[in-house]
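Okay, here's what each chain looks like letter by letter:
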There are 2 protein chains.
Amino acid sequence: GRLIVSIRRSSLHSTRATTPTMPNQCIQTGDNPDLTKERKTCSFDTDELTAHLYGSRKAMEIRRDISKKVATDPDFANPVRHEFLSREKRIEATAKKTKSLVQRGSEFCNVTNPAEMYHLVNEAIGIEGYPLALHFVMFLPALTAQADDELAAEILPRAMSLEIIGTYAQTEMGHGTNLRELETTATYDKQKQEFIINTPTRSATKWWPGNLGKMSNYAVVCCQLYIDGKKIGPHNFLVQLRCEKTHQPLPGITIGDIGPKMAYNTTDNGFLAFDNVRIPRGKMLMKHSKVAPDGTYTAPIHAKLNYGTMVHVRSHMIYSHGHLLATAATVATRYSAVRRQGRIEQGGPEVQILDYQTQQHRIFPQIARAYATMFTGLEIKDLYARTLAGIAKGETDLLPDLHAITSGLKSVVTYMAGLGIEQCRMSCGGHGYSDASGLPKLYGVQTGGCTYEGENMVMLQQTARYLMKAVKLASQGKTLSHSVAYMTKKTNAKSLIGMEGGDIGREHEVILDTLEHTARRLAHEAADQWAKRIQGGGEQGKSMEWSHCRDEQGLSSAYSSLHGSCIPSSCSLCSFFRSTHSHRPSLPLSPL
Amino acid sequence: GRLIVSIRRSSLHSTRATTPTMPNQCIQTGDNPDLTKERKTCSFDTDELTAHLYGSRKAMEIRRDISKKVATDPDFANPVRHEFLSREKRIEATAKKTKSLVQRGSEFCNVTNPAEMYHLVNEAIGIEGYPLALHFVMFLPALTAQADDELAAEILPRAMSLEIIGTYAQTEMGHGTNLRELETTATYDKQKQEFIINTPTRSATKWWPGNLGKMSNYAVVCCQLYIDGKKIGPHNFLVQLRCEKTHQPLPGITIGDIGPKMAYNTTDNGFLAFDNVRIPRGKMLMKHSKVAPDGTYTAPIHAKLNYGTMVHVRSHMIYSHGHLLATAATVATRYSAVRRQGRIEQGGPEVQILDYQTQQHRIFPQIARAYATMFTGLEIKDLYARTLAGIAKGETDLLPDLHAITSGLKSVVTYMAGLGIEQCRMSCGGHGYSDASGLPKLYGVQTGGCTYEGENMVMLQQTARYLMKAVKLASQGKTLSHSVAYMTKKTNAKSLIGMEGGDIGREHEVILDTLEHTARRLAHEAADQWAKRIQGGGEQGKSMEWSHCRDEQGLSSAYSSLHGSCIPSSCSLCSFFRSTHSHRPSLPLSPL
């Protein structure tokens, strides 16, 4: 927190600090002298901060070791940079690297450690996906979590040894957000004890699943289950798509690549349609829901447990999108230190563009946001781990909190990171527009996060809904869960700003109190407006919709900021302050 | 104005008008029924609006005719869509179309009419540039405006008949904004009466000029003129780069393509370095500045006249970026009409996503902005024409106004259009992320405008500087030019909002008064702050910098909105209101 505040304050001055107080571990001989000059003014130990973000000094060293090994390994070199290759060649190059990674991964890191593997994949392959991404991130977890013992025993060893490659096919051309309306059907045939998979309409075509277009020969496919003419709802089925020997589509399967996209162009997002494809009853993923041979359907005990994967990915996105923003901010800051243009004083040398206030106002807030988001991400990962541990003991009380926080934060963080990356890119002038800067790709990849894993508008509405429920519970005097406990606190009559009296610990408390006050007031006002609309009847009361127009360059009305962005923004800030609070004691940062 | 207000009002309701009042000329049999349903509710004559935007019914019909002819012409068909081609193949395809356009242009339109040609190029080739773009937009105009009679007689006929192809090489790797510091040198050799062109440093390499990488064999090159060891400043020289027969680089010329970019990937932006390349004295563009055989230098009479081209392009950008935003808004609106997902009422059919308030809040403001920007663009084109006419009569009084308005508007409009296009793209969910939607390319092309023709931050500062001068003049009781005349008006003590009393004409006046009041107050407050900083001395007073952080999702401080965005935004709104006012009488829109 102090770091961030310090950066923001310095951004209000047109000159920057010049007195070094701590060693900067990034300084290397042979660097551009302007970069070294800047690094010498660093006011904290850079390794201390890095280790804090990665969890420990050991983790930091492992990451650096991975990066070093990858940089000098011929299997991961780019004889021609991806930007100059056609899409086919990019995919080929990526597939080749993936093969090396599978065969030689353990030379680089502990392949059972997800954080190390994530870093290795980013370093060795890149951020635009790779042929086995969906296999590892969705196919295996879905089978592990939802297949019954028999199917798991049959398929998991083959999937884990990469004898087969799979993906997860859920989204259709006509339905992404509203999963309950997916159109692909799995009709149970009692006589033959088989499911018949069909794509009844054009819009029922599976559309977007990653690694479906070319790479996968199997998929977990989400279909509407029909038994005896009755629609039961969406369920998952394991379907073979291509011949294991020839890789040709099996009869009844229409499959291919959906074409180029804004980014992720090394990923073969695909389409898939079924014409009376029959699979044995045992290929349904039946750990939770079951269809007996005679067609008797058994529903799962806990309906919400299946949401786990989505929440997991969203939790991870908070940190990773902060990291994407940090990457852009690093490029822009270094560029601004090295680039000299214009003179502030007549007759003086051209100045580093980092010395312009306008440049500082563009970039420094992005640095602050990147840290705020990554610290928040650590807090959320911790909350996710605690929630999982609770569920293992049968305690599900943290789940609604986790769902509401990750939904809102996912939306706010991905949107904010996108705006920030674009500011970083534009602050590099023309060079930021060139693919050589890495920034156009970074934006293309990052902005996908505003849409995937829950469209941002829809996510904000889910958080808003949760907050409205909390307001209602608070008004009934009920106990609220941790993340919305502030709803029942009494508001101080006076502003707390400037009341900390120089006490750093108290300063955090005051800021947190103030944010809680704001979040509480906005939530109550929104609830009042909603109640009025419902009383008013008519169109407005029918659905609970939250307006959200954060992009309006300061012109967005009080209405929209009330109903949309402010609420999760406040959530986000609270998480951030809690996170810097809770993480600090374990690995104290030196005072600035 | 009324149209816009009407759209914004309707966006506050979750259902849309269903009573048709006017014929919608877009309706065609065979269209998606949801689209036709929406079009039937149109409350104005669509052709009337289109004709208004294009200037006349005749102009509208010519455009439609061009589009129709291009759509069915085999020379302009895409056997494979560009998105699926490698960069080389895209450039090849574009070059081929360009050739057809040059040979057969007059079959499609009056090739001497710039508006018709602009439309033809967009329809036949696309929006990412083409091999002759810089030849027509920069090379020919630079020669026409700056070459002396002798050089013009020698080169213009060859350039106009496309015997040679040229570009304009100004930006260098190290300098784009600060042109006075360009490093490429042209040293006059009195003995041989030649200029020696050199690239003394890596950063002096010409970098970015369009069509330089592969297409051009000539260029107008901006170099620092040196005579007798004295630096005179940047001047333009005609240099042959490649052999007219073999297209190989001439001795001393290093030249190539700078690689892939965020967009404009059918344009061969290039690099260029010189090693003692000698050109005859007569190749300097000497209409305004002159170097006599003995090395005597004559400065131009009007130093600012050379800025004409930049101002012209910026004037054009206001309208064209409004049009790019309009394109995105059209895609998003049509998609939202056709896409059905989710249910507002239990048991009802899935609804058109256009019925969601959140969707309306994303898209409708972009429609309003697109119209506002295009109307403003018409006003600016008119101002540009009047300024040119004035200059022809020796009157330059409109030039400072035009420069200030186009600088500020260029920045505000390009930034706003980018945010708007991205909102449109995201409102199409995953389909907006696919290149099939056309939206990723649209954003890539459009956002380039935030950087080229004057980086946005720098442009805002130029407008701010003009406004601060105006405040000073106003305080001295001097007469101000048209665009800042409001600075001297007396402010009404009371708010004018709600005072119009139902009179539509008066409503506009009140809005304009209110905007002027806001702009005036902000300018005066900014001037006060600036004066205080200068009095305070120190770093702050040394340079006049205007902070500008419009992207901060409503969190931008009062400081930055004061110093940056509000001022040109107000300019923009004033222009918009003036434009709807001034254009209406000539082609009245039916009341809504």
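How each quantity is defined
- Residues numbered from 1 in each chain as written.
- Chains lettered and ligands numbered in written order.
- Predicted model: local features only at pLDDT ≥ 70, side-chain atom pairs only at ≥ 80, totals over all residues.
- Heavy atoms only, no water.
- Helix = DSSP H or I, 4+ residues; strand = E, 2+ residues; numbered from the N terminus.
- Buried < 20%, exposed > 50% of the residue type's maximum accessible area, 1.4 Å probe, protein only.
- Contact = heavy atoms within 4.5 Å.
- Areas by Shrake-Rupley, 256 points an atom, 1.4 Å probe, with all protein chains shown as cover.
- UniProt positions renumbered as here; feature names shortened; annotations may be inferred.
- Axes fitted to C-alpha atoms, helices over the stretch in contact; angles between N-to-C directions.
- Parallel < 35°, antiparallel > 145°, perpendicular 65-115°, else oblique.
- Nonpolar A, V, L, I, M, F, W, Y, C, P; charged D, E, K, R; others polar.
- Pairing = 2+ DSSP bridges.
- Core = buried A, V, L, I, M, F, W, Y, C linked by side-chain atoms within 4.5 Å.
- Left-handed = near helix turned anticlockwise from the far one by under 90°.
- Disulfide = S-S within 2.5 Å.

A. Here's a closer look at the overall build of chain A. A count of helical and extended segments in chain A gives 18 helices and eleven strands. Each of the 592 residues in chain A was classed as buried or not, and the buried ones make up 54%. Long-range contacts, defined here as pairs at least 24 residues apart, represent 68% of the contacts in chain A between residues at least 6 apart. Accessible surface computed for chain A: about 26600 Å², of which carbon and sulfur atoms make up 56%.

B. Representation of the UniProt feature "binding site: FAD" (unreviewed entry) in chain A in the model. Residues and elements named next belong to chain A. Under the UniProt annotation, the feature "binding site: FAD" (unreviewed entry) is placed at Thr171 and Gly210. Judged by maximum C-alpha separation, these annotated positions cover 40 residues in sequence but sit close together in space, the widest gap being only 10.5 Å. Positionally, Thr171 belongs in the loop between strand S1 (166-169) and strand S2 (185-189). Residue Thr171 is classed as partly exposed on the basis of its relative accessible area, which comes to 26%. With near-sequence residues (within four places) excluded, Thr171 lies in contact with Gly176, Lys206, Trp207, Trp208 and Pro209. By the element assignment, Gly210 lies in the loop between strand S4 (206-207) and strand S5 (218-227). Classification of Gly210 as buried rests on a relative accessible area of 7%. Residues in contact with Gly210, not counting those within four places in the same chain, are Leu134, Thr167, Thr267, Asp268 and Asn269.

C. Structural context of the UniProt feature "domain: Acyl-coenzyme A oxidase N-terminal" (unreviewed entry) in chain A. The residues that UniProt annotates with the feature "domain: Acyl-coenzyme A oxidase N-terminal" (unreviewed entry) are residues 45-165 of chain A. Segment residues 45-165 of chain A splits into 65% helix and 0% strand. End C-alpha atoms: 45 Å apart.

D. How the structure looks around the packing of helix H11 (residues 399-427) of chain B against helix H13 (residues 439-447) of chain B. All names here are of chain B. H13 packs onto H11 with a crossing angle of 170° between their chain directions and a minimal axis gap of 10 Å. Taken together, the axes of H11 and H13 are roughly antiparallel relative to one another. Of the residues in H13, those touching H11 at Thr414, Ala417, Gly418, Ile421, Glu422, Cys424 and Arg425 are Leu439, Pro440, Leu442, Tyr443 and Gln446. When grouped by side-chain class, the residues that make up the contact of H11 with H13 number seven nonpolar, three polar and two charged.

E. Inspection of the sheet that holds strand S8 (residues 270-274) of chain A at higher detail. Taken together, three strands build an open sheet; the order of strands is S4-S8-S7 (chain A) and the sheet is antiparallel. Both edges of this open sheet fall to S4 and strand S7 (253-257) of chain A, since each of them pairs with a single strand only.

F. Just helix H13 (residues 439-447) of chain A, in detail. In terms of residue burial, H13 of chain A counts as a mostly covered element, since eight of its nine residues are buried. Among the residues of H13 of chain A, those classed as buried are Leu439, Pro440, Leu442, Tyr443, Gly444, Val445, Gln446 and Thr447 of chain A.

G. Looking closely at unusual backbone geometry. Not every positive phi belongs to a glycine, and Asn211 of chain A is a case in point at roughly 60°. Take Asn211 of chain A: it is sitting in the loop between S4 and S5. The class for Asn211 of chain A is buried, based on a relative accessible area of 0%. We note that Tyr264 of chain B has phi near 55°; this positive angle belongs to a residue other than glycine. With respect to the helices and strands, the residue Tyr264 of chain B is situated in the loop between strand S7 (253-257) and strand S8 (270-274).

H. Inspection of the nonpolar core at higher detail. Counting residues in each nonpolar core, the largest one holds 81 residues, and the members touching the most others are Leu53, Tyr371 and Ile421 of chain A together with Leu53, Tyr371 and Ile421 of chain B. Beyond its immediate stretch of four places on either side in the chain, Ile421 of chain B contacts Leu324, Leu325, Ala328, Leu439, Leu442, Tyr443 and Gln446 of chain B.

I. Focus on the packing of H11 of chain B against helix H14 (residues 456-475) of chain B. All names here are of chain B. Here H11 crosses H14 at 140°, and the two axes come no closer than 8 Å. The angle between the axes of H11 and H14 places the two elements in the oblique class. For the pair H11 and H14, the crossing hand works out as left-handed. Packed against H11, whose contacting residues are Pro400, Asp401, His403, Ala404, Ser407, Gly408, Lys410, Ser411, Val412, Thr414 and Tyr415, the element H14 presents Asn456, Met459, Leu460, Gln462, Thr463 and Tyr466 at the interface. Classifying every residue of the contact of H11 with H14 gives seven nonpolar, eight polar and two charged.

J. A look at the state of the cysteines. Residues and elements named next belong to chain B. In total, this model carries zero disulfides over all chains according to the counting rule given. There is no disulfide at Cys223, and the cysteine sulfur nearest it, in Cys222, is 6.7 Å away. Classification of Cys223 as buried rests on a relative accessible area of 0%. Summary of cysteine pairing: Cys424 is not part of a disulfide, and the nearest cysteine sulfur, belonging to Cys428, is at 7.4 Å.

K. Highlighting the pairing of S2 of chain A. All names here are of chain A. S2 sits mainly inside the fold: four of its five residues count as buried. Here S2 runs beside strand S3 (residues 194-198); their pairing, made up of five bridges, is antiparallel. Residue Thr185 lies in a different strand from S3, and its bridge partner there is Asn198. As judged from the three bridges shared by S2 and S5, these two strands associate in the parallel manner. Each residue of the ladder has a partner; that of Ala186, found in S5, is Leu225.

L. Molecular detail of the sheet that holds strand S4 (residues 206-207) of chain B. Residues and elements named next belong to chain B. Spatially, the three strands line up as an open sheet ordered S4-S8-S7, and their pairing is antiparallel. Here the strands that pair on one side only, and so sit at the sheet edges, are S4 and S7. Pairing of S7 with S8 involves five bridges; the strand directions are antiparallel. Each residue of the ladder has a partner; that of Thr254, found in S8, is Ala273.

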